[in-house]
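Chain by chain, the residues:
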Amino acid sequence: MAQVEVNGVSLRYDESGAGEPLVLLHGFNADRRQFDCFRPHLGDGIRAIAPDQRDGPDSPFDAPYAMVDHADDAADLIAQLCDGAAHVFGTSYGGAVAMTLAIRHPKRVKTLTLGAAAPCFDQFKAPDMASVADRGPDAVRRFVMEHFFTPDAIDHDRALMQAVADSFCERSPEAGNRRMAALRGHDLRDRLSYIRAPTLVLQGEFDPIISLEVSRSLARAIPGAWLSILPGVRHGISMERIVHIARLIRDHVLAPA
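Every chain is numbered independently, its residues counted from 1 as its sequence is written. The predicted nature of this model means local features are confined to residues of pLDDT at least 70 and side-chain atom pairs, given and counted, to a pLDDT of 80 or more, with totals for whole chains, interfaces and linings taken over all residues. As a convention, hydrogens and water are excluded, and side-chain values are obtained from all of the structure's heavy atoms.

Participant: Is there a simple way to think about the overall build of the protein chain in this case?
Facilitator: Comment: elements are numbered from the N terminus, with helices defined as DSSP H or I runs of at least four residues and strands as E runs of at least two. Scanning the protein chain from terminus to terminus reveals nine helices and eight strands. Taken over C-alpha atoms, the radius of gyration comes to 17 Å for the protein chain, in line with the 18 Å a tight globule of 257 residues would show. Summarising its shape, the C-alpha atoms of the protein chain cover approximately 50 × 40 × 35 Å along the three principal directions. Across the protein chain, the fraction of contacts at a sequence separation of at least 24, relative to all contacts at a separation of at least 6, is 75%. We get accessible surface area from the Shrake-Rupley algorithm with a probe of 1.4 Å; when it comes to residues, only the shown protein chains can shield them. Per element, the accessible surface of the protein chain, about 11500 Å² overall, is 51% carbon and sulfur. Atoms considered for the radius of gyration are the C-alpha atoms alone. The globule rule reads 2.2 Å times the number of residues to the power 0.38. Should any heavy atoms of two residues lie within 4.5 Å, those residues are considered in contact.

See below:
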């Protein structure tokens, strides 16, 4: 674990490997540890860098911010650690950061991969917690988990469930509210055509949070982007299909220019 100062914010990050720099941007309820199991699967020739975002347990922050602030943080990190430009993979909330980064700082982004991501807040469909509020904590937990992972993985993949537990962040209500406020202000639908980095859109076939139509529309709106639909997968694509996703991103990052 190392630390970098960006825009007056101190962010922790982990890295592994050597070669083409790839910055990994985590989801809403995670931190950099979301990619602990993912980074080793990227293989030789890639230097994977997984930073925290503002309001991570190891990267505290106590003032309001917007998605553009996350993007500016990532741009500053890339400027400092990656000789000015890097490949970028963002998943869910991190995907919102990644596409904002690609629009605001196009020279910082070599290639872009968006996983289970939407260009505006209204296209995220959060779990309807009211439907299970009276069923007890175990039922609520199961309900939420099934939005991210298949029942088979939840019941039988102990290594995955441990990785999920290790990457989940218990943030304060204030920190959670700040992150949600940043997401609520996210709307890039009219600016997606500004993205110039070669873009790969990854989408789980049965993701209940981001629909297939949202991802298809996203890929159509970004010039030259292509869409890969992952059969049988829900929202947690970078964890449940870790080997497959790592291979797709590796091929995207190392593809001849």
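Participant: Explain the pattern of salt bridges here, please?
Facilitator: Oppositely charged side chains can pair when the atoms bearing their charge come close. By salt bridge we mean one thing: a side-chain nitrogen of Lys or Arg within 4 Å of a carboxyl oxygen of Asp or Glu. Taken as a whole, this structure holds 15 salt bridges when the rule is applied. Residue R241 is joined to E240 by a salt bridge in which the shortest nitrogen-to-oxygen separation is 3.6 Å. Residue exposure (1.4 Å probe, protein chains only): buried if accessible area is under 20% of the type maximum, exposed if over 50%, otherwise partly exposed. The partly exposed category is assigned to R241, whose relative accessible area is 29%. For E240, a relative accessible area of 12% translates into the label buried. By sharing partners, the salt bridges in this structure join D14, R32, D52 and D58 into a single network.

Participant: Is there a simple way to explain the environment of R184 in this structure?
Facilitator: With respect to the helices, strands and loops of the structure, R184 is situated in helix 6 (residues 173–184). The exposed category is assigned to R184, whose relative accessible area is 53%. For the pair R184 and R220, spaced 36 residues apart in sequence, the C-alpha separation works out to 23 Å.

Participant: Explain the packing of aromatic side chains here, please?
Facilitator: The geometry of two aromatic rings is summed up by the distance between their centres and the angle between their planes. Aromatic pairs are defined between Phe, Tyr and Trp rings, using the six-membered ring for Trp, whenever the two ring centres lie within 6.5 Å; interplanar angles under 30 degrees are classed as stacked, those over 60 as edge-to-face, and all others as tilted. What the rule picks out here adds up to six aromatic pairs. Arranged with centres 5.9 Å apart and planes meeting at 35 degrees, the rings of F38 and F89 form a pair that is tilted. Highlighted residues: F38 in the loop between strand 3 (19–25) and strand 4 (45–51) and F89 in strand 5 (residues 86–91), separated in sequence by 51 residues. Residue classification places F38 among the buried residues on the basis of a relative accessible area of 0%. Looking at F89, the relative accessible area reads 0%, which means it is buried. Site record: aromatic cluster; members linked through ring pairs are F35, F38 and F89. The ring of F61 has R54 sitting right over it, with the charged end atom 4.6 Å from the ring centre. Placement of a charge over a ring requires the Lys NZ or Arg CZ to be within 6 Å of the ring centre, with the centre-to-atom vector within 35 degrees of the ring normal. Lying across the ring of F28, R179 places its NZ or CZ 5.5 Å from the centre.

Participant: For this particular structure, what's the right way to read helix 5 (residues 158–167)?
Facilitator: Think of an α-helix as turning once every 3.6 residues; residues three or four places apart then point the same way. All buried positions along helix 5 are accounted for by L160, M161, A163, V164 and S167. Down the axis, helix 5 shows its buried residues gathered within 160 degrees of arc, on one side only. In helix 5, the exposed positions angled more than 90 degrees off the buried face are occupied by R158 and A159. The reported arc concerns the directions from the helix axis to the C-beta atoms and nothing else.

Participant: Would you explain the sheet that holds strand 7 (residues 199–204) in this entry?
Facilitator: Sheets are built from strands paired through backbone hydrogen bonds, the pairs being either parallel or antiparallel. The rule for pairing is simple: two strands pair if DSSP sees at least two bridges between them. Pairing in this open sheet of eight strands is mixed, and the strands run 1-2-4-3-5-6-7-8 from one edge to the other. The open sheet has two edge strands, strand 1 (2–6) and strand 8 (226–230), and neither has a second partner. Within this sheet the neighbouring strands show an average axis-to-axis angle of 25 degrees, counted without direction. Across five bridges, strand 3 lies against strand 4 in parallel orientation. By the bridge assignment for strand 4, E20 is matched with I46. Where helices are involved, their axes are fitted lines through C-alpha atoms of the stretch in contact, as for all axes, and angles between N-to-C directions lie from 0 to 180°. Across the sheet, helix 2 (residues 93–104) is in contact with strand 3, strand 5 and strand 6 (109–115); its angle to strand 5 comes to roughly 145 degrees.

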